[in-house]
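# Structural overview for review
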Amino acid sequence: MFIYNFVEPAMFAAWGTTPGKALLRITLRNKDGSKLSYADALNRVFKVWIRGEGLGIPLVALFTQVNAYKKLTNNGITSWDQDASILVKHQTIGAWRVVVCIAIFIVFFLFIGAASA
């Protein structure tokens with residue numbers, strides 16, 4: 001998972017999104033509408049990892065996720081996106097995207113079940 005912290009910023013810099021965010025029609029942009037630079041995206045990823053995921057430490061992660069959720073619901077933006085002045089754009093998700101998301105989860109759980117059997 002830690003290695004992905006260096007891959008994700010490259011996707012933000014190249015496409016302005018990641019495959020999962022693209023499926024949900026979410027993009028990240030600078031205030032001027034341009035894509036994030038690799039350095040800005042890397043900075044965001046590490047802030048998410050620390051402030052949103054609590055460095056992956058279970059009890060700490062629970063605390064940081066609850067705090068991030070409260071900030072998001074109260075202010076409409078997370079602390080890491082607000083600090084970096086990043087615009088998170090959400091578009092309407094069509095019915096076929098919902099079906100694809102559900103199918104991905106079903107396949108994922110089938111693979112987990114097959115691997116543990």
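Going by the structure above, here's the rest.
Everything numeric here is computed off the predicted structure, so don't read it as measured data.

## Observations concerning the overall build of the protein
From N to C terminus, the protein includes six helices and two strands. Its helices and strands in sequence order give the protein the pattern α-α-β-α-α-α-β-α, from N to C terminus. Here the C-alpha coordinates of the protein stretch approximately 45 × 35 × 30 Å along the principal axes. The proportion of buried residues among the 117 residues of the protein is 26%. Excluding contacts between residues fewer than 6 apart, the proportion of contacts in the protein whose partners are at least 24 apart in sequence is 56%. With 12 positive and 6 negative side-chain charges, the protein shows a separation of 7 Å between the mean positions of the two kinds.

## Some words on the packing of aromatic side chains
Overall, the coordinates contain seven aromatic pairs when judged by the stated rule. Between Phe 2 and Phe 6, the ring centres sit 5.5 Å apart and the planes meet at 80°, which makes this aromatic pair edge-to-face. Residue class for Phe 2 comes out partly exposed when judged on its relative accessible area of 42%. Exposure remark for Phe 6: the relative accessible area of 36% places this residue in the partly exposed category. Within the aromatic cluster, the residues linked to one another by ring pairs are Phe 2, Phe 6, Phe 46 and Trp 49.

## What about the pattern of salt bridges?
Oppositely charged side chains can form a pair if their charged atoms are brought close together. Per the counting criterion, the structure on display carries three salt bridges. A salt bridge links Lys 21 to Glu 8; its shortest N-O distance comes to 3.9 Å. Residue Lys 21 is located in helix H2 (residues 19–23), and its partner Glu 8 is located in helix H1 (residues 4–15); the two are separated by 13 residues in the primary sequence. Under the relative-accessibility criterion, Glu 8 is labelled buried at 12%. Between Asp 83 and Arg 51 there is a salt bridge; the shortest N-O distance is 2.6 Å. Of the two residues, Asp 83 sits in helix H5 (residues 79–83) while Arg 51 sits in helix H3 (residues 38–52), which places them 32 residues apart along the sequence. By relative accessible area, which is 46% here, Asp 83 ends up partly exposed.

About the cut-offs
- Residues numbered from 1 in each chain as written.
- Predicted model: local features only at pLDDT ≥ 70, side-chain atom pairs only at ≥ 80, totals over all residues.
- Heavy atoms only, no water.
- Helix = DSSP H or I, 4+ residues; strand = E, 2+ residues; numbered from the N terminus.
- Buried < 20%, exposed > 50% of the residue type's maximum accessible area, 1.4 Å probe, protein only.
- Contact = heavy atoms within 4.5 Å.
- Lys, Arg positive; Asp, Glu negative; His and termini not counted.
- Charge placed at Lys NZ, Arg CZ, Asp CG, Glu CD.
- Phe/Tyr/Trp six-rings, centres within 6.5 Å; stacked < 30°, edge-to-face > 60°.
- Salt bridge = Lys/Arg side-chain N within 4 Å of Asp/Glu carboxyl O.

Fair warning: the whole summary comes from geometry, so function is off the table for now.
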